[in-house]
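Secondary and tertiary structure notes
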Amino acid sequence: MTEALRPARRKNPMLRTRPSVLPPAIRSRVALGMSAAAAEGRFELQVCGQCTAVQYPPREACGRCLADDLHWREQDGRGVLLAETELAHSNDLYFRERLPWRLGLVRLDAGVSVVAHLHGAVAGAGEAVKITAMLDRAGQAVLFALPEKDVAHMQDDRQFREMTCDPKFRKVLITDGRSAIGQAMARAFVEAGAKLVWVGQSEPWKKFPGADELAQLPGVSLQPLDVTNEKSVREMAAEIGGRVDILVNTARLQRNHGIQARPGTESMRAQLDVNFLGLLRLAQEFGPALRARAADGQSNAVAWVNILSIFALSNFPPQGSWSATQAAAHSLAQCLRAEMRPAGIRVVNVFPGPIDDEWNKELPPPKLTPAALAKAVITGLQRGVEDIYPGDLAGELRERWRENPKILERELADERS
């Protein structure tokens, strides 16, 4: 059985600090298809279009008929553990710092055998397991064997926690608590076991709805933070930046109009100042601090979460200016992900559809509630994914965008009418 995780003891300053290193990250171009699926929480293997044989490891041609007609298909991951071993020595620095480490050979029902990391609740050879594809600290897909049924303290397994960004016993910064999204996010992190949750508030002298309820949550602390003010961001980073494990950027300003609906650029400038430049200011001030703590013991810095919009992928003309700022923020977040990856910090982008809040009152359903959005973020962190598409609408638009971005562009444009 997996033992319950306990709060980390106060750090001993005399002990050597574990170096921030990554597991081996070399993958072939074709193997990156597995990483792309794992980034969204799917386990996919190649399947031959000619003979339907499942392939592992990833390859350029079918291992049975040599056809090059290979397609990535989602697998259920069910199989049986054939053999296991415990790694007691490694020349790789990442694993050397984390020994002992369990590995196993699993025969999948799909017909192939795979090497996988083993969850502590998997007893031994002959046991039914379920394989899932996860991202390791280097951002590459690895296979992890879990018990067929969930067990107590599932998320607390030492090896499994290395692959996830579980908020349990970690310290979280939510950049804007004035919005319904920020308040729902604070409640969700408290319920998920976060040790401390800082919640930013611009203009702290102004009372806002929900402030009293936030302040009463255990472990929640309201802090002055205005993402449009470089001094405010810098001062907050100097005060708590070296303690933050997970940063959740909920700051957003939305105006529902296209580019010709209002004269001038003031509205767009205001949105860019929060949605794009706000993210830039946070990245410049908090990014180095998170990178420095990426290997800091049991509850190290692990994740940066950006709440974006599904319309970052394709512009929604009735909210054209808002969509444009989200596209800009998405591009910046991709750059941030590349810069944070060498330290093992996972940048998680969240792409919800319209949220049921003050900005989208005039939009018809379906709309995602802030609580549902917060729950999706917690689940994504616990699964260790990179991209989250919460809600049916976001999932549908994502599939349509993948199938043909130009058709989706036309369909969203027709929504004006």
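Everything discussed here concerns the structure shown above.
Below, the structure is looked at part by part. The structure displayed is predicted, hence computed values, not measured ones. (Residues numbered from 1 in each chain as written. Predicted model: local features only at pLDDT ≥ 70, side-chain atom pairs only at ≥ 80, totals over all residues. Heavy atoms only, no water.)

Comments concerning the pairing of strand β7 (residues 128-135)
- As paired elements, strand β4 (residues 78-87) and β7 share three bridges and run antiparallel to each other. Looking at the pairing, Val-80 lines up with Ala-128 of β7.
- By the bridge criterion, seven bridges tie β7 to strand β8 (residues 141-147) in an arrangement that is antiparallel. Across the sheet, Leu-135 pairs through a bridge with Ala-141, a residue of β8. (Pairing = 2+ DSSP bridges. Helix = DSSP H or I, 4+ residues; strand = E, 2+ residues; numbered from the N terminus.)

A look at the layout of surface pockets
- Considering only enclosed or pocket space, the second largest pocket measures out at about 500 Å³ in volume.
- Residue lining of the second largest pocket: 23 residues in total, with Lys-130, Thr-132, Leu-146, Phe-160 and Arg-383 positioned closest to the centre.
- Of all elements in the fold, only β7, β8 and α10 (370-383) reach the threshold of two or more residues within the lining of the second largest pocket.
- With five residues, the top contributor of residues to the lining of the second largest pocket is β7.
- Its residues assigned to classes, the lining of the second largest pocket shows nine nonpolar, six polar and eight charged. (1 Å grid on protein atoms, 1.4 Å probe; cavity = no way out; pocket = protein on both sides within 12 Å on 5 of 7 lines; lining within 4 Å. Points joined across faces, edges and corners; volume = space filled by probe spheres on them. Nonpolar A, V, L, I, M, F, W, Y, C, P; charged D, E, K, R; others polar.)

Describing the side chain of Asn-275
- On the secondary structure map, Asn-275 appears in helix α7 (residues 266-275).
- At 2.9 Å, the side chain of Asn-275 forms a polar contact with the backbone oxygen of Leu-253.
- A polar side-chain atom of Asn-275 sits 3.1 Å from a polar atom in the side chain of Thr-325.
- Setting aside anything within four residues of it in sequence, one finds Asn-275 in contact with Ala-251, Arg-252, Leu-253, Trp-322, Thr-325, Gln-326 and Ala-329. (Polar contact = N/O pair within 3.5 Å; in protein donor to acceptor, adjacent residues only side chain to side chain. Contact = heavy atoms within 4.5 Å.)

Topic: the sheet that holds strand β1 (residues 44-48)
- Across the sheet, which stays open at both edges, the three strands sit in the order β2-β1-β3 with antiparallel pairing between neighbours. Single-partner strands in this sheet number two, and they are β2 (54-55) and β3 (70-74).
- Here two bridges tie β1 to β2, and the two strands are oriented antiparallel to one another. Among the inter-strand pairings, Val-47 is bridged to a residue of β2, identified as Val-54.

A word on the pairing of strand β6 (residues 113-118)
- Pairing analysis gives five bridges linking strand β5 (residues 101-108) to β6, with the strands arranged antiparallel. Following the sheet pairing, Arg-107 is matched in β6 by Ser-113.
- The hairpin formed by β5 and β6 contains four residues between the paired strands, and Gly-111 there has a positive phi angle of roughly 110 degrees.
- In the sheet, β6 pairs with β8 via two bridges, with the strands oriented parallel. Each residue of the ladder has a partner; that of His-117, found in β8, is Phe-144.

With respect to the sheet that holds β7
- Strand order in the closed barrel formed by five strands is β4-β5-β6-β8-β7, with mixed pairing between adjacent strands. Averaged over neighbouring strand pairs, the angle between their axes works out to 45 degrees when direction is ignored. (Axes fitted to C-alpha atoms, helices over the stretch in contact; angles between N-to-C directions.)

Overview of empty space enclosed by the protein
- As enumerated under the stated definition, the model contains five cavities of 30 Å³ or more in all.
- The volume enclosed by the largest cavity comes to roughly 70 Å³.
- Considering the residues around the largest cavity, the lining is formed by Asp-136, Arg-137, Ala-138, Gly-139, Arg-337, Arg-341, Gly-344, Ile-345, Arg-346, Val-347 and Glu-386.
- In the lining of the largest cavity, the residues fall into three nonpolar, two polar and six charged.

Observations regarding the pattern of salt bridges
- Evaluated as defined, the whole model comprises 27 salt bridges.
- Residue Glu-40 is joined to Arg-42 by a salt bridge in which the shortest nitrogen-to-oxygen separation is 2.7 Å.
- Residue Glu-40 is classed as buried on the basis of its relative accessible area, which comes to 15%.
- Between Glu-230 and Arg-234 there is a salt bridge, with its nearest N and O atoms 3.8 Å apart. Of this pair, Glu-230 and Arg-234 both sit in helix α6 (residues 230-240), separated by four residues, roughly a single helical turn.
- With a relative accessible area of 48%, Glu-230 lands in the partly exposed category.
- The class for Arg-234 is partly exposed, based on a relative accessible area of 41%.
- Each of Glu-40, Arg-42, Glu-44, Arg-398, Glu-399 and Arg-402 takes part in a single network of salt bridges with overlapping partners. (Salt bridge = Lys/Arg side-chain N within 4 Å of Asp/Glu carboxyl O. Buried < 20%, exposed > 50% of the residue type's maximum accessible area, 1.4 Å probe, protein only.)

Comments concerning the environment of Ala-328
- Along the chain, Ala-328 turns up in helix α9 (residues 320-340).
- Residue class for Ala-328 comes out partly exposed when judged on its relative accessible area of 25%.
- Taking the C-alpha atoms as reference, Ala-328 lies 8.5 Å from Asn-275; in sequence the two are 53 residues apart.

Quick look at the packing of α6 against helix α8 (residues 277-292)
- Direction vectors running N to C along α6 and α8 enclose 30 degrees, while the axes themselves pass 9 Å from each other. When the interaxial angle is binned, α6 and α8 end up roughly parallel. The two elements α6 and α8 cross, and the hand of that crossing is right-handed. Listed contacts from α8 to Glu-230, Val-233, Arg-234, Met-236, Ala-237 and Ile-240 of α6 are Arg-281, Leu-282, Glu-285 and Phe-286.
- For the contact of α6 with α8, the residue count by class is six nonpolar, no polar and four charged. (Parallel < 35°, antiparallel > 145°, perpendicular 65-115°, else oblique. Left-handed = near helix turned anticlockwise from the far one by under 90°.)

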